[in-house]
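Structure at a glance
Listed here are the chains, written in short residue letters.
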Amino acid sequence: MEPLLHLVSLTASKLLHFSGLGADRKAPKTTKMEEKALEVYDVIRSIRDPEKPNTLEELDVVTESCVEVRDLGDEEFLIIIKFSPTVPHCSLATLIGLCLQVKLERCLPFKHKLEIYISEGTHSTEEDINKQINDKERVAAAMENPNLREIVEQCVTEPDD
């Protein structure tokens with residue numbers, strides 16, 4: 001009888017925890033951050049690779065786990081994306097980062113700050129590229145280049161647009 005009571009207690013505890021009715025006050029906030037992260041992922045998953053006919057999701061350049069969202073208060077969020085280029089010497093990693101920046105700035109319906117990084121150890125010049133991707137002046141200058149802008153537009157435009 002005792003093992004049965006323990007099993008019932010454990011099951012009830014898990015049920016309360018997963019339903020959000022338990023004593024854990026962080027659960028609703030965590031769920032909100034997880035929902036925001038999925039919303040961000042839904043925006044970036046369809047970006048096309050500049051060289052290949054595949055999306056960044058299909059190439060595992062971006063995954064659900066590469067998106068982190070933190071609450072900054074006043075309905076503002078910090079979005080951190082850590083993407084993984086397909087090869088350590090990928091010459092288009094900066095362009096992929098630019099595509100992520102552009103698509104998120106255009107499509108996210110909530111107030112946010114954005115940080116985009118190459119996942120640690122996945123690129124030979126990740127530090128330099130991380131600086132470029134997160135430098136607003138460099139991003140703006142890159143988007144003034146008509147050739148770069150055209151490539152970015154091809155990558156971020158949805159197939160049915």
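Look above for the structure.
Here the residue index of a chain counts from 1 through its sequence in written order. Given that this is a predicted model, residues contribute local features only at a pLDDT of at least 70 and side-chain atom pairs are listed and counted only at 80 or more, while totals for whole chains, interfaces and linings are drawn from all residues. As a rule here, side-chain values cover all heavy atoms of the structure and leave hydrogens and water aside.

**Considerations on the overall build of the chain**
Numbering of helices and strands starts at the N terminus; helices are DSSP runs of H or I of at least 4 residues and strands are runs of E of at least 2. The number of helices and strands found in the chain is 6 helices and 3 strands. Taken from the N to the C terminus, the helices and strands of the chain come in the order α-α-β-β-α-β-α-α-α. Within the span of the chain, comprising 161 residues, buried residues form 35% of the whole. Across the chain, every contact between residues at least 6 apart in sequence was considered, and the portion connecting residues at least 24 apart equals 62%. Total accessible area on the chain is roughly 10300 Å²; 53% of this is exposed by carbon and sulfur atoms. Each residue's exposure class comes from its accessible area (1.4 Å probe, protein chains only) as a fraction of the maximum for that residue type: buried when under 20%, exposed when over 50%, partly exposed otherwise. Between two residues, a contact is recorded if the distance between any of their heavy atoms is within 4.5 Å. Under the convention used here, a 1.4 Å probe and the Shrake-Rupley method define accessible areas, while residue burial counts only the protein chains that appear.

**Focus: the pairing of strand β1 (residues 67–73)**
Being paired, for any two strands, means DSSP has found at least two bridges between them. With 6 bridges connecting them, β1 and strand β2 (residues 76–83) associate as antiparallel partners. Bridge pairing in β2 links Arg 70 to Leu 78. In sequence, β1 turns back onto β2 through a hairpin of 2 residues, with Asp 74 there showing a positive phi of about 50 degrees.

**Some words on the pattern of salt bridges**
Any carboxyl oxygen of Asp or Glu that lies within 4 Å of a side-chain nitrogen of Lys or Arg is treated as forming a salt bridge with it. Scanning the model with the defined rule gives 7 salt bridges in all. Of the charged contacts in the structure, one is a salt bridge between Arg 45 and Asp 42, with a shortest N-O distance of 3.2 Å. Its salt-bridge partner being Glu 57, residue Arg 45 comes within 3.2 Å of it at the nearest N-O pair. Here the residue Arg 45 occupies a position in the loop between α2 (27–44) and β1, and Glu 57 occupies one in the loop between α2 and β1, the gap between them amounting to 12 residues. With relative accessibility at 30%, the residue Arg 45 sits in the partly exposed group.

**Topic: unusual backbone geometry**
Notably, Asp 60 is not glycine yet its phi reads approximately 60 degrees, a positive angle. By the element assignment, Asp 60 lies in the loop between α2 and β1. For Asp 60, a relative accessible area of 52% corresponds to the exposed category. Despite not being glycine, Asp 74 shows a phi value in the positive range, around 50 degrees. Given the relative accessible area of 77%, Asp 74 is considered exposed.

**Details of the environment of Asp 128**
Assignment of secondary structure puts Asp 128 in helix α4 (residues 126–133). Residue Asp 128 is classed as partly exposed on the basis of its relative accessible area of 47%. Taking the C-alpha atoms as reference points, Asp 128 and Thr 94, separated by 34 residues in sequence, lie 9.4 Å from one another.

**Points about the sheet that holds strand β3 (residues 111–118)**
If you walk across this open sheet you meet the 3 strands as β1-β2-β3, and the pairing is mixed. Either end of the sheet is taken by a strand with one partner, and the two such strands are β1 and β3. Between one strand axis and the next, the sheet turns by 20 degrees as a mean value, whatever way the strands run. Of the pairings in the sheet, the one linking β2 to β3 comprises 8 bridges and is parallel in character. Within β3, the position partnered with Ile 81 by the bridge is Ile 116. Lying on the sheet, helix α3 (residues 93–107) is in contact with β2 and β3; it crosses β3 at an angle near 165 degrees. Comment: axis = line fitted to C-alpha atoms, over the contacting stretch for helices; angle = value between 0 and 180 degrees taken between N-to-C directions. In this fold α4 packs onto β2 and β3, with an angle of close to 160 degrees to the strand it touches most, β3.

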